[in-house]
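Each chain is listed here by its residues.
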Amino acid sequence: MTPTPVSSTPILRTTLQWSAIVTAVLAVLAGVIGFLVAGTTGLWSALAGVLIAAVFLGITGASILIANRWYGDDLYVPIFFGIVLGGWILKFVIFIVALLILRGQPWIDPTVFFVSVVVSVLASLAVDVVVMLRMRIPHVSDVELPDDPEAGERSDHTSA
């Protein structure tokens, strides 16, 4: 493992932090709006939708952050893709289980649930865009150039 972080690490950390804040705000807003629209059923539907969207979106960022810990290792690429693919498989399993559990539940209002999921995903995309626009990351990173002991020295013998 290397002490220098991968250039995506600060971006992903910032994205996860801001997404957590936005998720908390959305949970409150969606809960209130869901309650006003459909009562207690709307409240729980909105909270479930925001929570599911946050979990799905957080798994991807977290899996990449975990995989980046092996940067510099000879097996970094297979470890990275194994962890990220494992995260995607985990999301697929959670999706199927969530559908089976939530399907037909009396406390789920499908419209409120759907709208809260869509709004949460759009808010997460907005956070991603804002973080990417505000982060100051060089275009070329994670590369170490070789040292040139003669750099800056000028030779009297210049070739034409």
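Located above this text is the structure these notes cover.
In this report, the structure presented in the accompanying data block is examined. (Residues numbered from 1 in each chain as written. Predicted model: local features only at pLDDT ≥ 70, side-chain atom pairs only at ≥ 80, totals over all residues. Heavy atoms only, no water.)

1. Some remarks on the overall build of the protein chain
Each helix and strand counted, the protein chain has three helices and zero strands in total. Listing each helix as α and each strand as β along the protein chain from the N terminus yields α-α-α. Here the protein chain, with 160 residues, has 28% of them falling under the buried criterion. By sequence separation, contacts in the protein chain at least 24 residues apart represent 78% of the contacts at least 6 residues apart. Only carbon and sulfur atoms are counted for the fraction: they give 70% of the accessible area of the protein chain, which is about 11300 Å². (Helix = DSSP H or I, 4+ residues; strand = E, 2+ residues; numbered from the N terminus. Buried < 20%, exposed > 50% of the residue type's maximum accessible area, 1.4 Å probe, protein only. Contact = heavy atoms within 4.5 Å. Areas by Shrake-Rupley, 256 points an atom, 1.4 Å probe, with all protein chains shown as cover.)

2. Considerations on the packing of helix α1 (residues 8–67) against helix α2 (residues 76–102)
Axis separation between α1 and α2 bottoms out at 8 Å; the angle between their running directions is 165 degrees. Here α1 lies roughly antiparallel to α2, going by the angle between them. Where α1 crosses over α2, the two elements pack in a sense that is right-handed. On α2, the residues that touch Ile52, Phe56, Ile59, Thr60, Ser63, Ile64, Ile66 and Ala67 of α1 are Tyr76, Phe80, Ile83, Val84, Gly87, Trp88, Leu90, Lys91, Ile94, Phe95, Ala98 and Leu102. Across the contact of α1 with α2, the residue classes break down as 16 nonpolar, three polar and one charged. (Axes fitted to C-alpha atoms, helices over the stretch in contact; angles between N-to-C directions. Parallel < 35°, antiparallel > 145°, perpendicular 65-115°, else oblique. Left-handed = near helix turned anticlockwise from the far one by under 90°. Nonpolar A, V, L, I, M, F, W, Y, C, P; charged D, E, K, R; others polar.)

3. Looking at the side chain of Thr15
Residue placement: Thr15 occurs in helix α1. Residues contacting Thr15, with those up to four places away along its chain left out, are Val127, Asp128 and Val131.

4. Some thoughts on a nonpolar patch on the surface
On the surface, Leu85, Trp88, Ile89, Phe92, Val93, Phe95, Ile96, Val97, Leu99, Leu100 and Ile101 cluster together to form a nonpolar patch covering roughly 1100 Å² of accessible area. By secondary structure assignment, the location of Phe95 is in helix α2. (Patch = residues over 30% accessible without salt bridge, like charges linked within 9 Å, V, L, I, M, F, W, Y side chains within 5 Å. Salt bridge = Lys/Arg side-chain N within 4 Å of Asp/Glu carboxyl O.)

5. Describing the packing of aromatic side chains
Scanning the entire structure with this criterion turns up four aromatic pairs. With a centroid separation of 5.4 Å and 85 degrees between ring planes, the pair formed by Tyr71 and Tyr76 is classed as edge-to-face. Looking at Tyr71, the relative accessible area reads 21%, which means it is partly exposed. Residue classification places Tyr76 among the buried residues on the basis of a relative accessible area of 15%. Centre to centre, the rings of Phe80 and Phe81 are 5.4 Å apart; their planes meet at 90 degrees, and the pair counts as edge-to-face. Joined through ring pairs, the aromatic side chains of Tyr71, Tyr76, Phe80 and Phe81 make up one cluster. (Phe/Tyr/Trp six-rings, centres within 6.5 Å; stacked < 30°, edge-to-face > 60°.)

6. Remarks on the side chain of Asn68
Along the chain, the position of Asn68 falls in the loop between α1 and α2. Reaching out from Asn68, the side chain makes a polar contact with the side chain of Tyr76 at a distance of 2.9 Å. Excluding anything up to four places from it in sequence, Asn68 contacts Val6, Ser8, Thr9, Leu12, Tyr76 and Phe80. (Polar contact = N/O pair within 3.5 Å; in protein donor to acceptor, adjacent residues only side chain to side chain.)

7. Looking at the nonpolar core
Generally speaking, nonpolar side chains in soluble globular proteins are found buried as a group. Core analysis: the biggest nonpolar cluster contains eight residues, these being Val6, Leu12, Ile64, Leu65, Ala67, Tyr76, Phe80 and Val84. Taken together, the elements giving at least two residues each to this core come down to α1 and α2. Sequence-distant contacts of Leu12, that is, excluding residues within four places in its chain, are made with Gly61, Ile64, Leu65 and Asn68. Core analysis: the second largest hydrophobic core is formed by six residues, Leu26, Ala30, Val112 and Ala123 among them. (Core = buried A, V, L, I, M, F, W, Y, C linked by side-chain atoms within 4.5 Å.)

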